[in-house]
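# Close look at the chain arrangement
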Amino acid sequence: MRLRRIKAIAVKEGLQIVRDPRSLMIALLLPLMQMFMFGYGVSLDVQRIPLCVLDNEASQQSRDLIGRFAASRYFSLVRALGGQRDIAPRLDDGTCRIVLVIPSDFSRSLNDTGAGRLQALLDGTDSNTANIAANYAKAVVSAFSISLQLETVQRKGGVPQSLTPVDVEARVWFNEELESRNFIVPGIVALVMAIVGAQLTSLTIAREWERGTMELLISTPVQPMELMIGKLLPYFCVGLADAAICLALAVFWFDVPFRGTVATLFFTTSLFLLVVLSIGYIVSVSIRSQVGASQIALLLTMLPTTLLSGFAFPIDQMPALVQGVTFLVSARYYILILKAVFLKGSGLTALALPILCLALYALVLVVLAARAFRKTLD
Amino acid sequence: MADVVVEARGLSKRFGALTAVDRLDFTVRRGEIFGLVGPDGAGKTTTMRMLASVMLPDDGQIEIDGIDVLRHPERTKQHVSYMPQRFGLYEDLTVDENIRFYADLFEVPPQVWRSRADAMLTASDMTTFRARLAGQLSGGMKQKLGLICALVHTPGVLLLDEPTTGVDPVSRREFWEILYGLRGEGVAMVISTAYLDEAERCDRLALLHRGAMVHCDTPAGLKARMPGAMIEIMAADPRPLWEIVRTLPGVKEVLLVGTGVHAHVDDADRRLPEIEQAIGAAGVAASRIARVSPSIEDLFVALLELNGKRD
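Rules used throughout
Residues numbered from 1 in each chain as written. Chains lettered and ligands numbered in written order. Predicted model: local features only at pLDDT ≥ 70, side-chain atom pairs only at ≥ 80, totals over all residues. Heavy atoms only, no water. Pairing = 2+ DSSP bridges. Helix = DSSP H or I, 4+ residues; strand = E, 2+ residues; numbered from the N terminus. Axes fitted to C-alpha atoms, helices over the stretch in contact; angles between N-to-C directions. Contact = heavy atoms within 4.5 Å. Domains from an automatic or database assignment. Salt bridge = Lys/Arg side-chain N within 4 Å of Asp/Glu carboxyl O. Buried < 20%, exposed > 50% of the residue type's maximum accessible area, 1.4 Å probe, protein only.

Further remarks concern the sheet that holds strand E12 (residues 251–257) of chain B. Residue and element names in this part refer to chain B. One open sheet accounts for four strands, arranged E12-E13-E11-E14; its pairing is antiparallel. The open sheet terminates on both sides in strands that have one partner only, identified here as E12 and strand E14 (288–292). Averaged over all pairs of adjacent strands, the angle between their axes in this sheet comes to 20°, without regard to strand direction. The pairing of strand E11 (residues 229–234) with E14 spans five bridges and is antiparallel. Along E14, the bridge assignment pairs Glu 232 with Ala 290. Here helix H9 (residues 238–245) sits on the sheet in contact with E11, E12 and strand E13 (260–265), set at roughly 170° to E12. Lying on the sheet, helix H11 (residues 296–306) is in contact with E11, E12 and E13; it crosses E12 at an angle near 150°.

So this is what it looks like as structure tokens:
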């Protein structure tokens with residue numbers, strides 16, 4: 001391996017990147033756009049669920065209850081329905097996700113027997129939202145019934161006591177506001193880095209084939225390893241710039257708390273960059289057209305990173321087999337590291353295992369990338 | 001033969017059912033320009049690619065400077081320079097940057113390649129274009145730049161695949177001047193061409209047809225192999241001449257050339273007066289009728305016919 005040849009290829013590739021301002025702009029703007037798209041598009045917080053009510057009683061108590069729903073930030077009261085037959089159309093056309101039905105004997109049964117009944121109809125097409133909405137609805141109703149009981153006790157001249165003798169005060173660490181954005185955004189950084197990183201290198205070899213420069217290049221004594229290192233170096237620099245953009249956006253725009261050190265962040269990001277740049281390079285070697293290579297690279301990075309990395313879907317809730325597969329997704333380790341560095345401020349020692357996995361992953365891929373290239377036209 | 005630099009034996013390459021190169025045997029010596037001639041699809045480019053070891057043969061052997069190319073493809077690459085048919089330099093790099101890139105890949109000491117590049121750029125009138133992007137050069141200059149890049153590391157073997165296709169006649173002449181200079185320095189050259197006038201400038205020629213070698217000799221030797229003789233008839237309007245001459249006895253083939261026709265006959269002494277007579281009888285104007293030495297094109301057609309391979 002000769003340093004001079006590596007340098008020659010890196011310089012050549014760097015000149016080509018700089019001379020093509022359009023693709024350089026894309027390389028730097030794409031992550032910016034994707035950060036905003038995903039950052040605002042992906043939110044697992046369910047708020048202001050559209051709600052319709054069918055109040056068959058129209059009593060003081062039923063209005064109180066509806067008022068509590070309307071006041072909650074989890075629901076937004078869209079409209080009051082006139083009758084039973086209005087329910088299905090409203091759920092169908094998406095006016096609301098939940099319909100609260102208050103029976104005509106609601107307060108009577110409540111005052112007589114101390115137990116009232118309500119019906120909540122939910123749009124289950126988005127089961128996640130439906131689940132959360134049902135739980136929020138229960139919470140609103142139970143708060144309503146507690147205050148109702150307190151009132152009753154007071155009216156009877158008793159001393160109000162806490163009705164729940166044991167109270168759990170849960171305190172959430174690391175993400176105190178339980179803001180989903182705080183754990184989603186580090187995942188988005190990983191997603192964007194995976195997509196952009198592989199895109200950067202996916203074109204580099206395919207372009208030489210398309211432009212006809214490869215035939216001459218492979219007739220020279222350049223070695224595959226030299227070619228790979230020389231080609232990855234300039235894109236590694238572009239990738240680090242992209243990483244800086246993404247991470248800065250995460251901290252300064254999306255206000256994700258950053259408790260770790262910049263050094264840990266960039267060390268681990270470099271490892272991840274090596275992985276995704278190598279993936280792009282291998283694709284570029286195997287597919288000799290730029291369009292094809294770019295699409296395969298997108299598929300290979302975006303799908304596993306969104307689905308199998310724990311970015312949005314918790315890994316421990318996947319079937320055992322799929323959980324096994326996630327170990328092969330490099331973003332899994334990087335997202336774990338990013339979340340820990342951002343929210344917990346973890347250092348290298350605490351993250352030794354995922355860092356080791358990521359490093360091993362990078363090593364294997366770099367070797368594969370170096371070996372993937374064949375110096376023949378066949 | 002101590003000065004044999006390139007030796008191919010039984011060289012074959014197949015693409016599926018198609019045999020692109022069929023058991024080629026040839027040698028190229030130091031300071032020799034060896035031409036591969038043939039129509040498109042004759043296997044010229046495939047042969048070049050195998051010599052440059054960018055493509056693996058299915059059968060046969062190649063030795064360059066005594067090194068087995070199939071066994072040590074990377075070692076031979078130090079000795080060989082290859083100019084592919086399609087422009088292989090970086091169009092978004094300048095003339096200087098391209099030269100430097102190839103000098104670096106071949107690890108030529110900086111002072112050596114700088115002085116070589118200076119000399120070659122001066123010789124080819126390109127010093128003022130050093131900072132120009134290669135993509136903005138004319139076709140002829142692109143080819144000259146390709147040659148300069150190929151020569152920056154003083155190769156022992158130079159492989160040129162149709163280097164002058166699409167190049168204007170002046171640049172072509174300059175290009176050949178450079179090649180003659182290299183011949184003087186002892187460089188072995190293999191050049192493929194579809195231009196038959198260019199083939200005549202080679203020291204030896206291999207006529208290829210459908211991947212196989214039809215003949216291999218010096219241009220003079222090839223001409224001597226041609227049976228019969230060539231008679232040239234000049235006329236302002238050669239078309240009626242062609243109609244008359246092709247029907248005469250003893251005429252094997254009549255080719256339209258720019259200013260007349262070339263008739264391939266079995267016996268020049270006997271047929272020349274007969275042709276003269278027939279033209280006179282038909283009342284067609286002809287300015288000159290004479291026996292000429294055949295061009296490579298005449299030769300190619302005649303030799304293929306001789307081998308019964310033309311269709």
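Attention now moves to the domain arrangement of chain B. By the assigned domains, chain B splits into domain 1 (4–221) and domain 2 (227–293). Taken over C-alpha atoms, the centre of domain 1 of chain B sits 39 Å from the centre of domain 2 of chain B.

Our next topic: the domain arrangement of chain A. As assigned here, chain A comprises domain 1 (3–43 + 179–372) and domain 2 (49–155). Measuring from the centre of the C-alpha atoms in domain 1 of chain A to the corresponding centre in domain 2 of chain A gives 48 Å.

As a further point, take the pattern of salt bridges. Applying the stated rule across the entire model yields 36 salt bridges over all chains. In this structure, the salt-bridge partner of Asp 104 of chain B is Arg 4 of chain A, at a minimum N-O distance of 2.8 Å. Note that Asp 104 of chain B is positioned in helix H3 (residues 95–105) and Arg 4 of chain A in helix H1 (residues 3–19), a pairing that runs across two chains. Residue Arg 4 of chain A is classed as partly exposed on the basis of its relative accessible area, which comes to 25%. For Asp 22 of chain B, the salt bridge identified is with Arg 23 of chain B, shortest N-O distance 2.9 Å.

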